[in-house]
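Structure assessment
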Amino acid sequence: METTSSHPDKTIAAFIHLSTFSKYLFPFGNFIFPLIFWTAKQKDPFVDHHGKQALNFQISMFLYFILLVCIGVAGVVFWGVHFNLNDPFIISDNYISTGHPQNLISLFVFAAILGLLLVGLFVLDFVAVILATIKASEGQLYKYPLTINFIKPTQVGTNQSNNEQFNNIQNQTL
């Protein structure tokens, strides 16, 4: 899907996506640096589209991560209460007992599923950002998968300002 902008700033759009990897160096860098690049060239519809997409995706991934961590904590608390109610949990210098071993199987399955979901989230984040960077550098639009639109994306090619749109709506209603 090609853009309708005559000279889109492909470099800034690609840097917006690549700057999300800064979360591995700086806390919340995946929000701060794309926001800086996006606001610097927000007037360009191509950069505006990519900036909103990148920020929406990073916010969505953060929320998915928090949700999985909360589910993990709830699961550990559930199994901890379950172990304490049914069987004694004994720890001594040379011995650890959790009661029946089959009780631990469900905990390990839960931890494995949660771990796979977290790894899948990491892989999705990595692959989607690389694909978005490639698309931006080629001058194409990209829509991230599993994205919740917190910042409403504008349609590229709509060169009508908000005031003109408001005036058109007012003229239609009169």
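Data block above holds the structure.
Read on for an overview of the structure. Within any chain, residue numbers begin from 1 and follow the written order of that chain's sequence. Owing to the predicted nature of the model, reporting of local features is limited to residues with pLDDT of at least 70; listing and counting of side-chain atom pairs is limited to 80 or more, with chain, interface and lining totals taken over all residues. By convention in this description, side-chain values take in all heavy atoms of the structure and omit both hydrogens and water.

1. A closer look at the overall build of the chain
Under the scheme used here, helices are H or I runs from DSSP no shorter than 4 residues and strands are E runs no shorter than 2 residues, and both carry numbers assigned from the N terminus. Within the chain one finds five helices and two strands. The buried share among the 174 residues of the chain stands at 33%. Two residues form a contact once any of their heavy atoms are found within 4.5 Å. The contacts in the chain between residues at least 6 apart in sequence include a share of 70% that link residues at least 24 apart. Of the roughly 11200 Å² of accessible surface on the chain, a fraction of 68% belongs to carbon and sulfur atoms. Only protein chains enter the accessibility calculation, which uses a 1.4 Å probe. A residue is then buried if its area is under 20% of the maximum for its type, exposed if over 50%, and partly exposed in between. Each accessible area is a Shrake-Rupley result for a 1.4 Å probe, and residues are judged covered by the shown protein chains and nothing else.

2. Brief notes about the environment of F15
Relative to the assigned elements, F15 resides in helix α1 (residues 10-18). Between the C-alpha atoms of F15 and W38, which are 23 residues apart in sequence, the distance is 9.3 Å.

3. A look at the packing of aromatic side chains
Each aromatic ring pair is described using two quantities: the centre-to-centre distance and the angle formed by the ring planes. The rule is short: rings of Phe, Tyr and Trp, with Trp giving its six-membered ring, pair when the centres are within 6.5 Å, and they are stacked under 30 degrees, edge-to-face over 60, tilted in between. Counted under the stated rule, the structure contains 11 aromatic pairs. Ring centres of F15 and F37 lie 6.0 Å apart, and the angle between their planes is 20 degrees; on these two criteria the pair is classed as stacked. Taken together, the positions of F15 in helix α1 and F37 in helix α2 (residues 29-40) put the pair 22 residues apart, joining distant regions of the chain. The exposure class assigned to F37 is partly exposed, which follows from its relative accessible area of 28%. What links up through ring pairs into an aromatic cluster is the set F21, Y24, F122 and F126.

4. Some details on α2
At 3.6 residues per turn, the α-helix brings residues three or four places apart onto the same side. Its 12 residues place the ends of α2 16 Å apart at the C-alpha level, agreeing with the 16 Å of an ideal helix rising 1.5 Å per residue. Along α2, the positions that sit buried rather than exposed are G29, N30, F31, P34 and W38. By definition here, a helix of n residues has an expected span of 1.5 Å times n minus one.

5. Observations regarding the packing of α1 against α2
Axis definition: a line fit to C-alpha positions, over the contact stretch in the case of helices; interaxial angles, taken between N-to-C directions, run 0 to 180 degrees. Between α1 and α2, whose axes approach to 8 Å, the crossing angle comes to 165 degrees. Between α1 and α2, the angle is such that the two are roughly antiparallel. By crossing handedness, the relation of α1 to α2 is classed as left-handed. Facing α1, whose interface residues are I12, F15 and I16, α2 presents P34, F37 and W38. Three classes are used: nonpolar for Ala, Val, Leu, Ile, Met, Phe, Trp, Tyr, Cys and Pro, charged for Asp, Glu, Lys and Arg, and polar for all others, with Gly counted as polar. Of the residues assigned to the contact of α1 with α2, the class counts are six nonpolar, no polar and no charged. Working definition: roughly parallel below 35 degrees, roughly antiparallel above 145 degrees, roughly perpendicular at 65 to 115 degrees, and oblique for all remaining angles. Handedness of a helix crossing follows the sense of rotation of the near helix relative to the far helix, less than a right angle counterclockwise being left-handed and clockwise being right-handed.

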